[in-house]
Amino acid sequence: MMRQQLMDNVYLTYIHSEKFKTSFLSAQMAAPLEKETAGRNALLVNVLSRGTVRCPDISAIGRELDMLFGARLEPTIRKMGENQLLGFVASGIDDRFLPKGEKLLEKLTDLLGEFYCYPVTRGGRLLEEYVESERKNLAEMIRSDINDKRSYAARRLLEEMCAGERYGIRRMGSPEDVEKISLQRLNRHYRELLPQGRLELFYCGSADEERVAGAFRRAFAALPRQGVLEPAATLRAPAREQCRVVTEEMDVGQGKLCIGLRTASDDRAATLLMNAMFGGATTSKLFVNVREKLSLCYYAGSVYHRLKGLITVSSGIEFENYDRAVSEIFGQLEDLQNGRWEDWELDGARESLVSNLRSLEDSPGAMEDFMIGQAVAGTDETIPGLIAAVQAVTPERIQAAAQAVKADTIYFLKGKEERA
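Keep in mind that what you see is a predicted model, and the values were worked out from it rather than measured.

Novice: Pulling in residues and values, what's your account of the overall build of the chain?
Specialist: Within the chain, the regular secondary structure consists of 15 helices and 13 strands. Over its C-alpha atoms the chain spans a radius of gyration of 23 Å, differing by no more than 12% from the 22 Å that the globule rule assigns to 420 residues. In terms of overall dimensions, the chain has C-alpha extents of about 60 × 45 × 35 Å along its principal axes. Within the chain, the proportion of its 420 residues that are buried is 56%. If you take every contact in the chain between residues at least 6 apart in sequence, the share linking residues at least 24 apart comes to 82%.

Laid out in structure tokens, this is it:
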């Protein structure tokens, strides 16, 4: 893996691999996640995806991709740490497998560059019909989040837990904010963001690094570079002195219990493994004890948000099991803090975690997501390096990592007929 600067605030992460039959490319603009701009960024990338000067509509883009041996290209909007990434990912047949003399790399990078630098316009403005259509689609998509109560509850926990922090802002903004975005405001935002935003480029395939760098330089030669909008540094706040409880009522048949924990530990490898033992694997304490043995949850697991220093627990329970479920979940954490676990728990968690990390290298998309996240966070951690770090973690470090965890917020989504 190599990383180099191509232009002012433009960086390329390059991975040479002949493991895959396709090449994977990505162009992501990173900017601090802000409530005022989250919806604009999400809308902007969707509007840009509708057409370029050379391919002014979806049909023309489809024909172009067909001509590129069925290549794929799609817009993305992500939240990484306290930053928002908007851009495009593309994949196509690796040049090794094309008819003799055919080259796909330069054509795909050129197309990526066109979406940023040469969007279809009218009178110097983005097309009003595209803006109105995508604004409606985006607002409806954001509102539909409530239909998946599990993800809705997880999002609501982060909103409550990280209120006032960038991490609590929705990835695509709020539907109300999106609906207020005018054509004029979006055009102005495009003109402001394009010259300043950090552009992270990624390539995984068999082409040599010099050729890849040259292709991206040509594709983005017209990208204006005036000023620097650096990604936001991730802030790690301490846990509340008293755990806050937020209850919401909705017409649901199953309660959604989510718990937010903050960690003061800087030992990420140990915390990663500790979380796998807590609720991040099928051998974890939450899965084996709270779900299987006690049957208190329909599902129970935890996620470690490494860049932010958070652990979030997500579970589905019967309404009447709230008190007992909360007590048992915290009881499992207390066991880890006191060093109470069997050897098979640690071995199973380590094996599962290492296997999951190794599987990232089996997917160009997963590697891109990992490496772009590291780049935006300003760290140089690699997948092999993280695996080695996890394998070196001792039981003492796991216990210390667990002791650095403290409860911050409990969010409970319950049925309307239930009353406290």
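Novice: Break down helix 10 (residues 285-293) for me, with residues and values.
Specialist: Every buried residue of helix 10 is accounted for by Lys285, Leu286, Val288, Asn289 and Val290. For helix 10, the elements touching its buried residues are helix 9 (268-280), strand 11 (299-305), strand 12 (310-317), helix 11 (322-337) and helix 12 (343-360). Looking one or two residues past helix 10, Ser295 carries a phi angle of roughly 55°, positive in sign.

Novice: Provide a residue-level description of helix 11, including the pertinent values.
Specialist: The end-to-end C-alpha separation of helix 11 is 23 Å, in line with the 22 Å expected for 16 residues at 1.5 Å each. Of the residues making up helix 11, those classed as buried are Tyr322, Ala325, Val326, Ile329, Gln332, Leu333, Asp335, Leu336 and Gln337. Backbone geometry just downstream of helix 11 places Gly339 in the positive-phi region, at approximately 75°.

Novice: A description of the pairing of strand 1 (residues 2-7) should follow, citing residues and the corresponding values.
Specialist: Here strand 1 pairs with strand 2 (residues 10-16) via five bridges, running antiparallel. Following the sheet pairing, Arg3 is matched in strand 2 by Thr13.

Novice: So what about the side chain of Gln374? Which residues, and what values?
Specialist: In this fold, Gln374 is placed in helix 13 (residues 364-377). With sequence-adjacent residues up to four places away left out, Gln374 is seen in contact with Arg306, Thr379 and Glu381.

Novice: Tell me about the packing of aromatic side chains, residues and numbers included.
Specialist: The full count for this structure, using the stated rule, is seven aromatic pairs. A centroid spacing of 4.8 Å and a plane angle of 25° characterise the contact between Phe88 and Phe115, whose relative ring orientation is stacked. Here Phe88, found in strand 5 (residues 83-93), pairs with Phe115, found in helix 3 (residues 105-117); they are 27 residues apart in sequence, far enough to count as distant. As far as burial versus exposure is concerned, Phe88 and Phe115 are alike and both buried. Among the aromatic residues, those joined into a ring-pair cluster are Phe88, Phe115, Tyr116, Phe216 and Phe220. Here Arg50 stacks its cationic end above the ring of Tyr130, 4.2 Å away from the centre of that ring.

Novice: So what's going on with a negative patch on the surface? Residues and values would help.
Specialist: A grouping of Glu342, Asp343, Asp347 and Glu351 is seen on the molecular surface, where their side chains present a negatively charged patch. The residue Glu342 is located in the loop between helix 11 and helix 12 in this model.

Novice: Just give me the short version of the packing of helix 12 against helix 14 (residues 383-391), but keep the residues and values in it.
Specialist: Running from N to C, helix 12 and helix 14 point in directions that differ by 175°, and their axes come no closer than 10 Å. By the angle class used here, helix 12 and helix 14 are roughly antiparallel. In contact with Arg350, Leu353, Val354, Leu357, Arg358 and Leu360 of helix 12, helix 14 contributes Ile383, Leu386, Ile387, Val390 and Gln391. Class assignment of the residues belonging to the contact of helix 12 with helix 14 gives a composition of eight nonpolar, one polar and two charged.

Novice: How would you summarise the sheet that holds strand 11 if you had to cite specific residues and measurements?
Specialist: Strand order in this open sheet of five strands is 9-13-10-12-11, and the pairing throughout is mixed. On the outer flanks of this sheet lie strand 9 (244-250) and strand 11, each paired with one strand and no other. Averaged over all adjacent pairs, the angle separating strand axes in this sheet is 15°, with direction ignored. Taken together, the seven bridges between strand 9 and strand 13 (residues 405-415) define a ladder with parallel strand orientation. Across the sheet, residue Glu248 finds its bridge partner in strand 13, namely Leu413. Where helix 5 (residues 149-161) meets the sheet, it contacts strand 9, strand 10 (255-263), strand 11, strand 12 and strand 13, and its direction lies at approximately 40° from that of strand 10.

Parameters at a glance
Within every chain, residues take consecutive numbers counted from 1 along the sequence as written. Thresholds applied to this predicted model are a pLDDT of at least 70 for local features of residues and 80 or more for the giving and counting of side-chain atom pairs; totals over whole chains, interfaces and linings are not thresholded and use all residues. Where side-chain values are given, they derive from all heavy atoms of the structure, hydrogens and water being excluded. In this text, helices come from DSSP runs of H or I with a minimum length of four residues, and strands from runs of E with a minimum of two, each type numbered from the N-terminal end. In this setup the radius of gyration rests on C-alpha atoms only. A globule is expected at 2.2 Å times the number of residues raised to 0.38. Each residue gets one of three labels from its accessible area relative to the maximum for its type: buried under 20%, exposed over 50%, partly exposed in between, using a 1.4 Å probe on protein chains only. By definition, residues are in contact when any of their heavy atoms lie within 4.5 Å. Working rule for helices: expected span equals 1.5 Å times residues minus one. Strands are treated as partners if at least two bridges between them are detected by DSSP. In this analysis, rings of Phe, Tyr and Trp, with Trp reduced to its six-membered ring, are considered paired at centre separations within 6.5 Å, and the interplanar angle assigns stacked below 30 degrees, edge-to-face beyond 60, and tilted for intermediate values. Put simply, a charge is over a ring when the Lys NZ or the Arg CZ is close to the ring centre, within 6 Å, and near the line of the ring normal, within 35 degrees. Patch rule: a residue counts if its relative accessible area is over 30% and it has no salt bridge; like charges are joined within 9 Å, and nonpolar side chains (Val, Leu, Ile, Met, Phe, Trp, Tyr) within 5 Å. Accessible surface is estimated by sampling points in the Shrake-Rupley manner with a 1.4 Å probe; for residues, cover comes only from the protein chains shown. By salt bridge we mean one thing: a side-chain nitrogen of Lys or Arg within 4 Å of a carboxyl oxygen of Asp or Glu. Positive charge is attributed to Lys and Arg, negative charge to Asp and Glu, and no charge count is given to His or to the chain ends. Charge coordinates come from a single atom per side chain, which is NZ of Lys, CZ of Arg, CG of Asp or CD of Glu. Between N-to-C directions, angles span 0 to 180 degrees; the directions come from axes that are lines fitted to C-alpha atoms, helices contributing only their stretch in contact. Here the angle decides the label: under 35 degrees means roughly parallel, over 145 means roughly antiparallel, 65 to 115 means roughly perpendicular, and every other value means oblique. Lys, Arg, Asp and Glu make up the charged group, whereas Ala, Val, Leu, Ile, Met, Phe, Trp, Tyr, Cys and Pro make up the nonpolar group; the residues left over, Gly among them, are polar.

In short, shape yes, function no, at least from these values alone.
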